[in-house]
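# Inside the fold
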Amino acid sequence: MSAVTDRLPAFPWDKLEPYKKTAAAHPGGIVDLSVGTPVDPVPELIRKALIDAADSPGYPTVWGTPALRDAITGWLERRLGAREVTHRHVLPVVGSKELVAWLPTQLGLGPGDKVAFPRLAYPTYEVGARLARAEHVAYDDPTELDPEGLKLLWLNSPSNPTGKVLGKDELTRIVAWAREHGVLVFSDECYIELGWEADPVSVLHPDVNGGSCDGIVSVHSLSKRSNLAGYRAAFLAGDPAVLGPLLEIRKHGGMMTPAPTQAAVVAALGDDSHVREQRERYAARRAALREALTGHGFRIEHSEASLYLWATRDESCWDTVAHLAGRGILVAPGDFYGPAGDRFVRVALTATDERVRAAVERL
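None of the values given here were measured: they were computed from a predicted structure.

To continue, consider the packing of aromatic side chains. Under the defined criterion, the tally for this structure stands at 12 aromatic pairs. Between Trp310 and Phe344 the ring centres are 5.1 Å apart and the planes differ by 0°, which places this aromatic pair in the stacked class. Of the two residues, Trp310 sits in strand E10 (residues 308-312) while Phe344 sits in the loop between strand E12 (332-333) and strand E13 (345-348), which places them 34 residues apart along the sequence. Pairing Phe336 with Tyr337 gives two aromatic rings, centres 6.5 Å apart and planes at 55°, and the pair type is tilted. Accessibility expressed as a relative area gives 5% for Tyr337, which makes it buried. One aromatic cluster is present, built from ring pairs that chain together Trp13, Tyr19, Trp310, Trp318, Phe336, Tyr337 and Phe344. Note that Arg69 overlies the ring of Trp63, its terminal NZ or CZ placed 3.8 Å from the centroid. The positively charged end of Arg346 is found above the aromatic ring belonging to Tyr308, 3.8 Å away from the centroid.

Structure, rendered in structure tokens:
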């Protein structure tokens, strides 16, 4: 096993445990704003769909039911402005994290191949490259990368952790560059329905890709927009020439979304009202935390979308983590997402209204 584990970095969240104990000792209890895990109830119509599909004794298919694929293609066209997407353009996955971690391996990448991702990024992009024994490189502008050996380019808009959004013109420029150099683009768009001061655009929009999905795939999750992190519900959409081979590999690997979850996703993607309600909850929490943090001496950068505030007091992120832990508030240190984040912390909006009020009072 060490041959695999030796390739991986230390699990970052373990380093936060001492600060979690400090925060938990606060007389008013901990306010955990570190991990972006949903805390609000799963909408009733989704739970009902899950329960109604509970009698599922047979194996589900990796490609999902026709109803699931219809729901995905319909959502892509209705919400993202995608055009002419068919069942061949979509692929369900068992939550987006497993896809990110295993994609380079499933693409057949290895030594000598390069995987690129943003300078500040979700750590699993790097983990995926390491598992495949591929090289990894972080970028500020992907079009400044050396395309030699670059096989996979990760985009992430809205960004985790910063909340930065790539505009339509920027996405168009990047997609054109990647196509010119034969670089496969995977765009992580798991927060695309959570724009606050910006309106995120998908790489699937025809204004970005010229009406063609060639060489591009987007990644979507229902964890945040529908509170389904516990359901492991996500999907890919894009180039059939990429998704077809991935489907065959995942069939052999048994990477099947459970049948009740597939039914729940159909219900979730068919209803926009619960997404609006959840957005309103997050918007209120965001406004309260943002005001409290700036009043406490923080500066907020980017954060125009997603479920986080990217905040700094212009000091070591670990000093900030300790400062807030002393007030019973736990946040994520920015260096979890790359050395460029070493003076920032990521503050999640995923806490109950009561816990957010407690954080605001302490700040």
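Alright, that's what it looks like, and here's the rest.
On to the sheet that holds strand E3 (residues 114-118). Read across the sheet, 7 strands follow the order E2-E8-E7-E6-E5-E3-E4 without closing on themselves; strand pairing throughout is mixed. Every other strand in the sheet has two partners, leaving strand E2 (90-93) and strand E4 (135-139) as the edge strands with one partner each. Each neighbouring strand pair of the sheet contributes to a mean axis angle of 20°, computed without reference to strand direction. Pairing analysis gives 3 bridges linking E3 to strand E5 (residues 150-156), with the strands arranged parallel. Its bridge partner being in E5, Val115 is matched across the sheet by Leu152.

All right, on to helix H4 (residues 66-80) then. Across its 15 residues, H4 extends 20 Å between first and last C-alpha, which sits within 8% of the 21 Å expected from 1.5 Å per residue. Turning to H4, its buried residues are Leu68, Arg69, Ala71, Ile72, Thr73, Trp75, Leu76 and Leu80. If you follow the buried residues of H4, they end up packed against E2, strand E7 (216-221), strand E8 (234-238) and helix H10 (259-269). Once H4 finishes, Gly81 follows within two positions and takes phi at roughly 75°, a positive value.

On to the side chain of Asp141, then. Inspection of the secondary structure assignment puts Asp141 in the loop between E4 and E5. Reaching out from Asp141, the side chain makes a polar contact with the side chain of Thr143 at a distance of 2.8 Å. A distance of 3.4 Å separates a polar atom in the side chain of Asp141 from a polar atom in the side chain of Arg173.

A few words now on the environment of Asp113. You can see Asp113 is positioned in the loop between helix H5 (96-106) and E3. Residue classification places Asp113 among the buried residues on the basis of a relative accessible area of 12%. Considering only alpha carbons, one finds Asp113 and Glu148, 35 residues apart in sequence, at a separation of 8.9 Å. With residues up to four places along the chain from it excluded, the contact list for Asp113 reads Gly108, Ala134, Glu135, Gly149 and Lys151.

Inspection of the entire model under this criterion finds 21 salt bridges. Ionic pairing is found between Glu193 and Arg79, a salt bridge with its closest N-O pair at 2.8 Å. Of this pair, Glu193 sits in the loop between strand E6 (184-188) and helix H8 (206-209) while Arg79 sits in helix H4, placing them 114 residues apart in sequence. With a relative accessible area of 9%, Glu193 lands in the buried category. The partner of Arg285 in a salt bridge is Asp353, and the shortest N-O contact between them spans 2.7 Å. Linking Arg285 in helix H11 (residues 273-295) with Asp353 in helix H13 (residues 353-362), this pair joins segments that are 68 residues apart in sequence. Since its relative accessible area comes to 3%, Arg285 is described here as buried. Classification of Asp353 by relative accessible area gives partly exposed; the value is 39%. Bridged by salt links that share partners, the residues Asp40, Arg285 and Asp353 form one connected network.

About the thresholds
Chains are numbered independently. Their residues run from 1 in the order of the written sequence. Under the rules for a predicted model, residues below a pLDDT of 70 receive no local features and side-chain atom pairs below 80 are neither given nor counted, while totals for whole chains, interfaces and linings still include all residues. To obtain the side-chain values, all non-hydrogen atoms of the structure were included, while hydrogens and water were left out. Ring pairs shown here join Phe, Tyr and Trp side chains whose ring centres sit within 6.5 Å, with only the six-membered ring taken for Trp; geometry is labelled stacked below 30 degrees between planes, edge-to-face above 60, and tilted in between. The numbering of helices and of strands both runs from the N terminus, where a helix is a DSSP run of H or I of at least 4 residues and a strand a run of E of at least 2. Each residue is placed in one exposure class: buried if its accessible area under a 1.4 Å probe, protein chains only, is under 20% of its type's maximum, exposed if it is over 50%, and partly exposed if it falls in between. Charge-over-ring placement is defined geometrically: NZ (Lys) or CZ (Arg) within 6 Å of the ring centre, and within 35 degrees of the ring normal. Strands qualify as paired when DSSP identifies two bridges or more between them. To define axes, lines are fitted to C-alpha atoms, for helices over the stretch in contact only, and angles between the resulting N-to-C directions are given on a 0 to 180 degree scale. Multiply 1.5 Å by the residue count of a helix minus one, and that product is the helix's expected span. Note on contacts: a residue pair is in contact if any heavy atoms of the two residues lie within 4.5 Å. Nitrogen and oxygen atoms within 3.5 Å of one another constitute a polar contact, given that in protein one can donate a hydrogen and the other can accept it, and given that sequence-neighbouring residues count only through two side-chain atoms. Every case where a carboxyl oxygen of Asp or Glu lies within 4 Å of a side-chain nitrogen of Lys or Arg is listed as a salt bridge.

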